[in-house]
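# Geometric and topological summary
In case you want the letters, here they are:
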Amino acid sequence: TGGAASTGGTETGTGGTETGTGGTEAGTVLLAGDDVNANGPLQTTVENLDFSGGGHILVRPRELTNEPNTKHPVAIWGPGGGSTPGYYESLLTRMASQGFVLIGIRESSGGSELMSAAIDWLEEQNGDSSSPMYDKLILDRVGVFGHSMGGLSSEATALVDGRVATALLDNSGSLSHDGLVGVHVPTGIIYGEDGMERENAEADYNNPGNQGPCWLGMMAGGGHGSGPWDGASANVAWMRWHLGGENFRKDAFLGNGGDYNNSGIWTTQFKNWDGWKNWNE
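Residues numbered from 1 in each chain as written. Predicted model: local features only at pLDDT ≥ 70, side-chain atom pairs only at ≥ 80, totals over all residues. Heavy atoms only, no water.

On to helix α1 (residues 89–96), then. Since the α-helix turns once every 3.6 residues, residues separated by three or four places project in the same direction. When you tally the buried positions in α1, you get seven out of eight residues, the bulk of the element. Buried within α1 are the following residues: Ser 90, Leu 91, Leu 92, Thr 93, Arg 94, Met 95 and Ala 96. (Buried < 20%, exposed > 50% of the residue type's maximum accessible area, 1.4 Å probe, protein only. Helix = DSSP H or I, 4+ residues; strand = E, 2+ residues; numbered from the N terminus.)

Moving on to the side chain of Asn 261. The residue Asn 261 is located in the loop between α7 (250–254) and β11 (266–271) in this model. Within the structure, the side chain of Asn 261 is placed 2.7 Å from the backbone oxygen of Gly 255, a separation counted as a polar contact. Those residues in contact with Asn 261 that sit more than four places away from it in its chain are Ala 252, Phe 253, Leu 254, Gly 255, Asn 256, Trp 266, Thr 268 and Phe 270. (Polar contact = N/O pair within 3.5 Å; in protein donor to acceptor, adjacent residues only side chain to side chain. Contact = heavy atoms within 4.5 Å.)

Next up on the list: the pattern of salt bridges. Counted according to the given criterion, the structure contains nine salt bridges. Across the pair Arg 60 and Glu 47 runs a salt bridge, and its minimum N-O distance is 3.2 Å. Here the residue Arg 60 occupies a position in strand β4 (residues 56–61), and Glu 47 occupies one in strand β3 (residues 44–49), the gap between them amounting to 13 residues. For Arg 60, a relative accessible area of 9% gives the class buried. Classification of Glu 47 by relative accessible area gives partly exposed; the value is 28%. For Arg 163, the salt bridge identified is with Asp 120, shortest N-O distance 2.8 Å. In this pair, Arg 163 is assigned in the loop between α3 (149–160) and β8 (164–170) and Asp 120 in helix α2 (residues 113–126), connecting sequence segments 43 residues apart. Since its relative accessible area comes to 17%, Arg 163 is described here as buried. By relative accessible area, which is 35% here, Asp 120 ends up partly exposed. (Salt bridge = Lys/Arg side-chain N within 4 Å of Asp/Glu carboxyl O.)

Judged by nonpolar contacts, the single largest core of 36 residues is most densely connected at Phe 145, Trp 215, Phe 253 and Tyr 260. Other than its neighbours up to four places away in sequence, Tyr 260 contacts Val 36, Trp 215, Ser 233, Ala 234, Ala 237, Ala 252, Phe 253, Trp 266 and Thr 268. Among the nonpolar cores identified, the runner-up in size contains 26 residues, and Phe 51, Leu 64, Met 133 and Ala 167 belong to it. (Core = buried A, V, L, I, M, F, W, Y, C linked by side-chain atoms within 4.5 Å.)

The next thing to look at is the environment of His 56. Along the chain, His 56 falls in strand β4. Taking the C-alpha atoms as reference points, His 56 and Glu 113, separated by 57 residues in sequence, lie 13 Å from one another. When neighbours within four sequence positions are excluded, His 56 is seen to be in contact with Glu 47, Asn 48, Leu 49, Phe 51, Ile 103, Gly 104, Ile 105, Arg 106 and Leu 114. A distance of 2.8 Å separates the side chain of His 56 from the backbone oxygen of Phe 51, its partner in a polar contact.

Bringing the packing of α1 against helix α6 (residues 232–242) into the picture now. Where α1 meets α6, the axes come as close as 10 Å, and the angle between the chain directions of the two elements is 35°. α6 is crossed by α1, and the crossing has right-handed handedness. On α6, the residues touching Leu 91, Arg 94 and Met 95 of α1 are Ala 232, Ser 233, Asn 235, Val 236 and Met 239. When its residues are assigned to classes, the contact of α1 with α6 shows five nonpolar, two polar and one charged. (Axes fitted to C-alpha atoms, helices over the stretch in contact; angles between N-to-C directions. Left-handed = near helix turned anticlockwise from the far one by under 90°. Nonpolar A, V, L, I, M, F, W, Y, C, P; charged D, E, K, R; others polar.)

Before going further, it helps to examine the side chain of Ser 154. Within the fold, Ser 154 resides in helix α3. Overall, the relative accessible area of 0% leaves Ser 154 in the buried class. From its side chain, Ser 154 meets the backbone oxygen of Gly 150 in a polar contact 2.8 Å long. Residues in contact with Ser 154, not counting those within four places in the same chain, are Met 115, Val 144, Phe 145, Gly 146, Ala 167 and Leu 168.

With that settled, consider unusual backbone geometry. The phi angle at Ser 52 is positive, at roughly 50°, despite the residue not being glycine. Within the fold, Ser 52 resides in the loop between β3 and β4. If you check the backbone angles, Asn 171 has positive phi at about 50° while not being a glycine.

All right, on to the environment of Ser 176 then. Within the secondary structure layout, Ser 176 lies in the loop between β8 and β9 (187–192). When the C-alpha positions of Ser 176 and Glu 123 are compared, they lie 33 Å apart, and in sequence the two are 53 residues distant. There is a polar contact of 3.1 Å between the side chain of Ser 176 and the side chain of Ser 174. Here the side chain of Ser 176 touches Asp 178 through a polar contact of 2.4 Å, side chain to side chain.

The next point concerns the sheet that holds β8. Here nine strands make up an open sheet; going across it, the order is β3-β4-β6-β5-β7-β8-β9-β10-β11 and the pairing mixed. Two strands in the sheet have a free side with no partner beyond their single neighbour: β3 and β11. Across the sheet, the mean angle separating the axes of adjacent strands is 15° when strand polarity is ignored. Note that β3 and β4 share six bridges and pair antiparallel. The residue of β4 that forms the bridge with Thr 44 is Pro 61. α1 contacts β3, β4, β5 (74–78), β6 (101–104) and β7 (142–147) of the sheet and is inclined by roughly 35° relative to β4. Of the strands in this sheet, β3, β4, β5, β6, β7 and β8 are in contact with α2, which crosses β5 at around 150°. (Pairing = 2+ DSSP bridges.)

Here you go:
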């Protein structure tokens, strides 16, 4: 899949300063607030970036942590074909207001180049004592996610970049139905019941060669743009689980009747989770 994105939400960042930490290792991951359905308490900022030809955006909390043992989780977003990363600013802002530092790449080719380049750039900032992000980022477990073609770029990056700890595809799925073969990090696919991506999403998940933990969620009545907007809470919860170490959110996806498991608009399948443990378990 790779069509242009559908219209979405318009919410912006909110104020406030209270923060918390996620996971079981207190002070490791900065997470603010706990409601995945709304913006968090942190004020946010959006900046244009010029690495690798430019056109990317950085979305982050305006004020970053000053605690030496507390760091921000990182995720890279890929836009749908024909759209820009700013089109998804409502989702990225929600995550930044909860503590995430995100880059939205300018375009998604279906390959890994720009997502990996974005992680490279953040590593440079994290190591640069003159950068506001100096020594404030978690870069050994990065999330990649995206809409349509951006989902394909997420799969490709999860396959080749060892810094990636999880991938989430919004309204996407491998055109050759084998995008998850060889991917061993937890990967989720969100698709709309009426979305043009449905066949690819289902076939990608159902490929018998998949060995990594997989989750598939269909949104009843959803179209090709459902994931980044109506499914925004699932995006946030997934990344807070896998990157933030909030292991109680596992039940939302894998627990019977969880928020994203055969409940409400969601029809869910999952496989290959036996024996899998999160980074802090």
